[in-house]
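Commentary on secondary and tertiary structure
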Amino acid sequence: MSQSNDGGLTWSNSLAVDDAATGQIVSMQIAYAGLDTAGNVYVAYPESPLGKQYPNYEGAGVKYKFASPTETGADLKWSDARTFANADPNAPGHVLVHVAIGDPGQIMGVYWTGEPQQGRDPVWHITAAETNNGLDATPAVTEARISEIPTDVGTAGQLMGACVDAGPVSGVISGLACDRSPDVYGIALTQDCKTTIVWP
């Protein structure tokens, strides 16, 4: 996270999430951020299960962290991670996390959830997870599928554009060889704090 107090002339940085020691994949194309009405900053992201490293995107859970506003980004004190959806190394996982935030602790996470199919690639559905006590150490989360119509078909790696495992040059080759999912869709709050979502 980067913060400027002078209209963008200078910036100070804060590292919100760091899984370098375990090699887990964080973000997977998108890590969404936003502010609540009190100025607390949140970041929401998918995170691969422990033991799964690039280019294996399967099984990711969905987490978020938050920090109170500070004078500079370098002073931000990030919370421990909270969980919208658990990681599962034996499941397709979750990708493309977005978030809408209202009052402190009132958060709506939106993401694609993979559903396994026998003998075929997983299908993916748009899913929402809501918490009204998101600042608590163990927030209560309600999850719901938004539509029965799948948004895409494929493994998490295929959706993220990682279809080739060729060592250090995998990213370059995959960028040319792979189909991938659309990775940006819309989320916003109405004036009466209803979440609105537009997706492919």
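All of these numbers come straight from a predicted model, not from anything done at the bench.

1. Some remarks on the overall build of the protein
Along the backbone of the protein there are 2 helices and 13 strands. Taking 16 Å as the expected radius of gyration for a compact globule of 200 residues, we find that the protein reaches 17 Å, a close match to that expectation. Taken over the C-alpha atoms alone, the protein extends approximately 50 × 40 × 30 Å along its principal axes. For the protein, the residues scored as buried account for 44% of the 200 residues in total. Relative to all contacts within the protein whose residues are 6 or more apart in sequence, the contacts with residues 24 or more apart total 52%. In the protein, which carries 9 positive and 22 negative side-chain charges, the distance between the mean positions of the two groups comes to 3 Å.

2. Here we look at the environment of Arg180
Turning to its location among the elements, Arg180 is positioned in the loop between helix H2 (170-177) and strand S12 (186-189). Along the chain, Arg180 and Pro150 lie 30 residues apart, while their C-alpha atoms are 15 Å from each other. Not counting chain neighbours up to four residues away, the residues in contact with Arg180 comprise Gln29, Gln158, Leu159, Met160 and Gly161.

3. As for the packing of aromatic side chains
In this structure the tally under the stated criterion is 3 aromatic pairs. Seen from their ring centres, Tyr54 and Tyr57 are 5.9 Å apart, and the 80 degrees between their planes marks the pair as edge-to-face. Note on Tyr54: relative accessible area 41%, which makes it partly exposed. Centre to centre, the rings of Tyr64 and Phe84 are 4.9 Å apart; their planes meet at 40 degrees, and the pair counts as tilted.

4. What to know about the sheet that holds strand S3 (residues 32-35)
Strand order in the open sheet made by the 4 strands is S3-S4-S5-S6, with antiparallel pairing throughout. If you trace the sheet from one side to the other, it starts and ends with S3 and strand S6 (82-85), each paired once. In this sheet, adjacent strand axes meet at a mean angle of 25 degrees when their direction is disregarded. Of the pairings in the sheet, the one linking S3 to strand S4 (residues 41-47) comprises 4 bridges and is antiparallel in character.

5. Topic: the nonpolar core
If you look at the biggest cluster of nonpolar residues, it comprises 21 residues, and the most contacted ones within it are Val95, Val110 and Trp112. Grouped together as the second largest cluster of nonpolar side chains are 13 residues, Val62, Val99, Tyr111 and Ala129 included.

6. So, the environment of Leu189
Looking at the secondary structure, you find Leu189 in strand S12. Take Leu189: its relative accessible area is 36%, and that puts it in the partly exposed class. Filtering out sequence-adjacent residues up to four positions away, Leu189 remains in contact with Ala100, Ile101, Gly102, Lys194 and Thr195.

7. As for unusual backbone geometry
Of the consecutive residues Tyr54 and Pro55, the connecting peptide bond is found in the cis state with omega at 5 degrees. Looking at the secondary structure, you find Pro55 in the loop between S4 and strand S5 (61-67). With phi around 65 degrees, Cys193 is a residue other than glycine that occupies positive phi space. Topologically, Cys193 is positioned in the loop between S12 and strand S13 (195-198).

Rules of the game
Residues numbered from 1 in each chain as written. Predicted model: local features only at pLDDT ≥ 70, side-chain atom pairs only at ≥ 80, totals over all residues. Heavy atoms only, no water. Helix = DSSP H or I, 4+ residues; strand = E, 2+ residues; numbered from the N terminus. Rg over C-alpha atoms; globule rule 2.2 N^0.38 Å. Buried < 20%, exposed > 50% of the residue type's maximum accessible area, 1.4 Å probe, protein only. Contact = heavy atoms within 4.5 Å. Lys, Arg positive; Asp, Glu negative; His and termini not counted. Charge placed at Lys NZ, Arg CZ, Asp CG, Glu CD. Phe/Tyr/Trp six-rings, centres within 6.5 Å; stacked < 30°, edge-to-face > 60°. Pairing = 2+ DSSP bridges. Axes fitted to C-alpha atoms, helices over the stretch in contact; angles between N-to-C directions. Core = buried A, V, L, I, M, F, W, Y, C linked by side-chain atoms within 4.5 Å.

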